[in-house]
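Chains, contacts and geometry: an overview
For reference, the chains in residue letters:
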Amino acid sequence: IVIELGDHLIETGEASFAEFVFSLGAGLADPAEITSRIETARLGAWIEKAEAAELAGDRLQALEFYRKGLRTLQEAGYSGRQLQARIEDLEDQVREQRHQGDARKIMRLADDSAAEGDHVAAYLGYSRALKLVPDDRDLAGRVAHHRQKAQDEVVFRRRDVLAIRVAVETARKGLTDIPIN
């Protein structure tokens, strides 16, 4: 039972506690097996480094330590399922953080376009940013606002084009109606 409990603790990332449990079982199980398990538990120092990096906000460094730990566990014959789940969760957080950073950069460009009155460029920029952070309601509102402004611009420009066409046709008719002497 000491081996099973220690193995479970290693799998869950409690390496230092696993080492303690294994040392308690020194007289109860095969000394070579206990020594081997204690050495494996000591290899789990990566978890403390990963947690420290994560607490410091350095998710990339934490990921590096967790991945190293997973390889170490797997090489020692453990599945590392829980650690793999933690790695996947942290990767999702890093991806989300990266998307938010990219979206902020794109939004700044779209803000500049909006300030200049270029609603088409603002709409396109905000739409692109919204693809990166689809749950941002404020951004969705900006997309809708600038889409409407861009559509209004198109309508006004069509009217301008039609007015110019009418003026050109009128001028052309005026030229053809002039008698040639």
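Residues numbered from 1 in each chain as written. Predicted model: local features only at pLDDT ≥ 70, side-chain atom pairs only at ≥ 80, totals over all residues. Heavy atoms only, no water.

Let's shift gears to the overall build of the protein chain. Looking only at helices and strands, the protein chain features 8 helices and 0 strands. With the C-alpha coordinates aligned to their principal axes, the bounding extent of the protein chain is approximately 125 × 25 × 20 Å. Scored against the burial criterion, the 181 residues of the protein chain give a buried share of 30%. Sequence separation of at least 24 residues holds for 46% of the intrachain contacts in the protein chain that already meet a minimum separation of 6. When the accessible surface of the protein chain is summed, it comes to about 12,300 Å², and 54% of that surface belongs to carbon and sulfur atoms. Distance between charge centroids for the protein chain: 10 Å, based on 26 positive and 32 negative side chains. (Helix = DSSP H or I, 4+ residues; strand = E, 2+ residues; numbered from the N terminus. Buried < 20%, exposed > 50% of the residue type's maximum accessible area, 1.4 Å probe, protein only. Contact = heavy atoms within 4.5 Å. Areas by Shrake-Rupley, 256 points an atom, 1.4 Å probe, with all protein chains shown as cover. Lys, Arg positive; Asp, Glu negative; His and termini not counted. Charge placed at Lys NZ, Arg CZ, Asp CG, Glu CD.)

Here Gly 125 shows up in helix α7 (residues 119–132). Classification of Gly 125 by relative accessible area gives buried; the value is 13%. Sequence separation of Gly 125 and Glu 51 is 74 residues, and the distance between their C-alpha atoms is 37 Å. If near-sequence neighbours (up to four positions away) are discounted, Gly 125 is found in contact with Ile 106 and Ala 110.

With that settled, consider the environment of Gly 25. Positionally, Gly 25 belongs in the loop between α2 (15–24) and α3 (31–42). Exposure remark for Gly 25: the relative accessible area of 0% places this residue in the buried category. A C-alpha to C-alpha distance of 9.4 Å links Gly 25 and Gly 6, two positions 19 residues apart in sequence. Among all residues touching Gly 25, those that are not within four sequence positions of it are Val 2 and Ile 34.

So, about the pattern of salt bridges. The final tally for this structure, using the stated rule, is 8 salt bridges. When the shortest N-O distance is used, the salt bridge between Asp 111 and Arg 142 registers 3.0 Å. With Asp 111 in helix α6 (residues 81–115) and Arg 142 in helix α8 (residues 137–176), this pair connects stretches of sequence that are 31 residues apart. Classification of Asp 111 as partly exposed rests on a relative accessible area of 31%. (Salt bridge = Lys/Arg side-chain N within 4 Å of Asp/Glu carboxyl O.)

For the rest of this paragraph, the subject is the nonpolar core. Membership of the largest hydrophobic core comes to 24 residues, with the highest contact counts inside it found for Ile 10, Phe 22, Tyr 66 and Leu 83. Where this core is concerned, the elements lending two or more residues are α1 (2–11), α2, α3, α4 (45–55), α5 (59–75) and α6. With 5 residues, α5 is the largest single contributor of residues to this core. Not counting chain neighbours up to four residues away, the residues in contact with Ile 10 comprise Ala 18, Phe 22, Arg 37, Thr 40, Ala 41, Leu 73 and Tyr 78. (Core = buried A, V, L, I, M, F, W, Y, C linked by side-chain atoms within 4.5 Å.)

Moving on: α4. Among the residues making up α4, those that are buried are Trp 46, Ile 47, Ala 50 and Ala 53. Down the axis of α4, the buried set is contained in an arc of 130 degrees. They therefore lie on one face. Close packing links the buried residues of α4 with α5 and α6. Gly 57 sits one or two positions beyond α4 and adopts a positive phi of about 90 degrees. (Arc of directions from axis to C-beta.)

Side chains of Phe 17, Phe 20 and Leu 24 sit close together on the surface and give an oily, nonpolar patch of about 320 Å² of accessible area. Tracing the backbone shows Leu 24 in helix α2. Judged by its relative accessible area of 55%, Leu 24 is exposed. (Patch = residues over 30% accessible without salt bridge, like charges linked within 9 Å, V, L, I, M, F, W, Y side chains within 5 Å.)

So far we have only geometry, and geometry alone does not tell us how the molecule works.
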